[in-house]
Amino acid sequence: MNEKTDFVRDIVAEDLSTNRFQGRVHTRFPPEPNGYLHIGHAKSINLNYGIAQENPGGLCNLRFDDTNPEKEEQEYVDSIIEDVKWISGHDQQKVLFASDYFDQMYQWAVDLVKKGKAYVCDLNADQIRETRGTLTEPGKESPYRNRSVEENLDFLARMRKGEFPDGSRTLRAKIDMASPNINLRDPIMYRIVHEPHHRQGDAWCIYPTYDWAHGLEDSIEGVTHSICTLEFENHRPLYDWFLEALGIYHPQQIEFARLNLSYTVLSKRRLLQLVQGKHVSGWDDPRMPTIAGYRRRGYTPEAIRTFCEKIGVSKKDSIIDVALLEWSVREDLNKHAQRAMAVLNPLKVVITNYPENGSEELPSLNNPEDASAGTRLVPFGREIYIEQDDFREVPPPKYHRLSPGKEVRLRAAYIIRCEEVIKDGAGNIVELHCTYDPETRSGGPAANRKVKGTIHWVSARHAIEAEVRLYDRLFLTADASEGGEAGSFLGNVNPDSLTLLKGCKLEPMLLSAMPGMRFQFERVGYFCADIKDSNPGAPVFNRIVTLKDTWAKIELRGGETAARE
């Protein structure tokens, strides 16, 4: 029995109980191949594939609504197929395309013309807009509305043959120019576009509008529940009108509220602006809210599915805090990510009472949340690196890391004490001299001796160097669409959304990290070996998410930078 519930699933359950669709559940996810999918699409994928999965024999089609050749590219098709497979967990056996139904759609258009329910109109786009009317005033009938069936069939056939230039004629449904629903005021069904199609080539020069094609595609495929976002609610009467006018199989359209996320823009137009303006490196830039961007950053599909389940499905628009998405990622990675030690801003420490050429391997837990993950051996020696932030020559109150004359525990190793601070000619700290207590090693006689602070480290002799990319939120304010100093949403772009760190010191096992492998760098955050730029032997790591929500602290302090505790 399905434990998930929301108003869409309630409708499906009711239809099953009444045998409305002969016990079938068949959904679809119909992206346009005019950009990369984003986190809002992930919500729809999760809903449509989830409902199909939850019901025995349920089906969900991946169908491309490729009806606009001017904006569609094969690159987008390929990326969408990969994204849907990654998010849904299903290897799509068959991918469907609306363009494969063009012949049938055209024949149905001819049928409507023969029934006197469609006509060829010579008004251009501006004239159609001007005569459409407003929410309070009816539209005006086109002077071409009452052409004879024979004349309309002739013009439609000649449109199909390519005799007329772009925009010179359209095929419109003949419904009601006084309808209170503007979508029913003789909507356009076909437009002339002399543009090669990414799959059909030059076979067509007239293309169906979404409103005309949408219901026909669902009908052809036997979809039972056509689940759309809320902006299509006012289009449902048109969806129904076309199917009823043709007398063909009639699925049910259901609308739900789309995802709106704080600190994020989900408009394809704006995402394209970010790419074309080189504010990001591409559609899969790890700062982008695209599924490809999240995958490259290191998010897991399980975390995204958990997020989608937590936000639920409703008919009311709202803005979801992006912190919930980040929390979902942390929760998943905390359970599954292997621990590792990495020093991003290294400060050298010499342990003066440790044997000069000595070294040893110390056991460290791979994941304290998973006993089956076991341990690994981490090399230790006389010289190590610690984070610069883990030392203060003049410590502030409640500072429990390393400072002159104070002790701190090295994770999975020993307690050390700072004895001397070495500076260069400019007064910069370049090295610390410390002593260690050999009896404080795990299992040693003083292993349980208490100190207030524990810090991470790597052995200087064994450390590998790597590039680390610290990604942060792409926008500065929760309402990412608002204008910054530049007066547009681009003025709100966070200039510190990416920090490149070179020469980071990492424990040696990370040298063999395969692209896509995820780790928790202890006390630092969760990181992923970049799937494009990282290679075994030359790793590049992306920060997936911090260990804690540092933005919450920033907002609480009115913009003050939050230091790692």
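Residues numbered from 1 in each chain as written. Predicted model: local features only at pLDDT ≥ 70, side-chain atom pairs only at ≥ 80, totals over all residues. Heavy atoms only, no water.

Caption draft 1: Representation of the environment of histidine 235. Relative to the elements of secondary structure, histidine 235 occurs in the loop between β8 (225-229) and α8 (236-246). With 24 residues separating them in the primary sequence, histidine 235 and aspartate 211 have C-alpha atoms 7.4 Å apart. In contact with histidine 235, other than residues within four places in its own chain, are Asn183 and Asp211. (Helix = DSSP H or I, 4+ residues; strand = E, 2+ residues; numbered from the N terminus. Contact = heavy atoms within 4.5 Å.)

Caption draft 2: Layout of the sheet that holds strand β3 (residues 95-97). Across the sheet, 3 strands lie side by side as β1-β2-β3; this open sheet has parallel pairing. The open sheet has two free edges, formed respectively by β1 (26-29) and β3, since each of these has just one partner strand. Adjacent strand axes in the sheet meet at a mean angle of 40° when their direction is disregarded. Sheet topology note: the strand β2 (residues 59-64)/β3 ladder contains 3 bridges and is parallel. The partner of leucine 62 across the bridge, within β3, is valine 95. In this fold helix α2 (residues 39-54) packs onto β1 and β2, with an angle of close to 160° to the strand it touches most, β1. (Pairing = 2+ DSSP bridges. Axes fitted to C-alpha atoms, helices over the stretch in contact; angles between N-to-C directions.)

Caption draft 3: Examining the sheet that holds strand β20 (residues 458-459) more closely. Reading across from one edge, β19-β16-β17-β18-β12-β15-β20 is the order of the 7 strands in this open sheet, with mixed pairing throughout. Looking at the sheet topology across the chains shown, the edges are occupied by β19 (454-455) and β20. Bridge count for strand β17 (residues 415-423) against strand β18 (residues 429-437) is 8 bridges, and the pairing is antiparallel. In the sheet register, isoleucine 415 faces β18, and the bridge partner there is aspartate 437.

Caption draft 4: Representation of α8. Along α8, the positions that sit buried rather than exposed are Leu238, Tyr239, Phe242, Leu243, Ala245 and Leu246. Projected down its long axis, α8 carries its buried residues within an arc of 165°, all on one side. Immediately beyond the C-terminal end of α8, within one or two residues, lies glycine 247, with a positive phi of roughly 70°. (Buried < 20%, exposed > 50% of the residue type's maximum accessible area, 1.4 Å probe, protein only. Arc of directions from axis to C-beta.)

Caption draft 5: The arrangement of the nonpolar core in detail. Formed by 38 residues in total, the largest nonpolar core has its most connected members in Ile39, Leu261, Ile304 and Phe307. For this core, the secondary structure elements donating two or more residues are α2, β2, α3 (74-88), α10 (291-297), α11 (301-311), α12 (322-336), β24 (525-529) and β25 (540-546). (Core = buried A, V, L, I, M, F, W, Y, C linked by side-chain atoms within 4.5 Å.)

Caption draft 6: Inspection of the packing of helix α1 (residues 7-17) against α2 at higher detail. For the pair α1 and α2, the least separation of the axes is 11 Å and the interaxial angle reads 35°. Remark: the crossing between α1 and α2 carries right-handed chirality. Taking contact as the criterion, the partners of Val8, Arg9 and Val12 in α1 are, on α2, Leu47, Gly50, Ile51 and Glu54. When grouped by side-chain class, the residues that make up the contact of α1 with α2 number 4 nonpolar, 1 polar and 2 charged. (Left-handed = near helix turned anticlockwise from the far one by under 90°. Nonpolar A, V, L, I, M, F, W, Y, C, P; charged D, E, K, R; others polar.)

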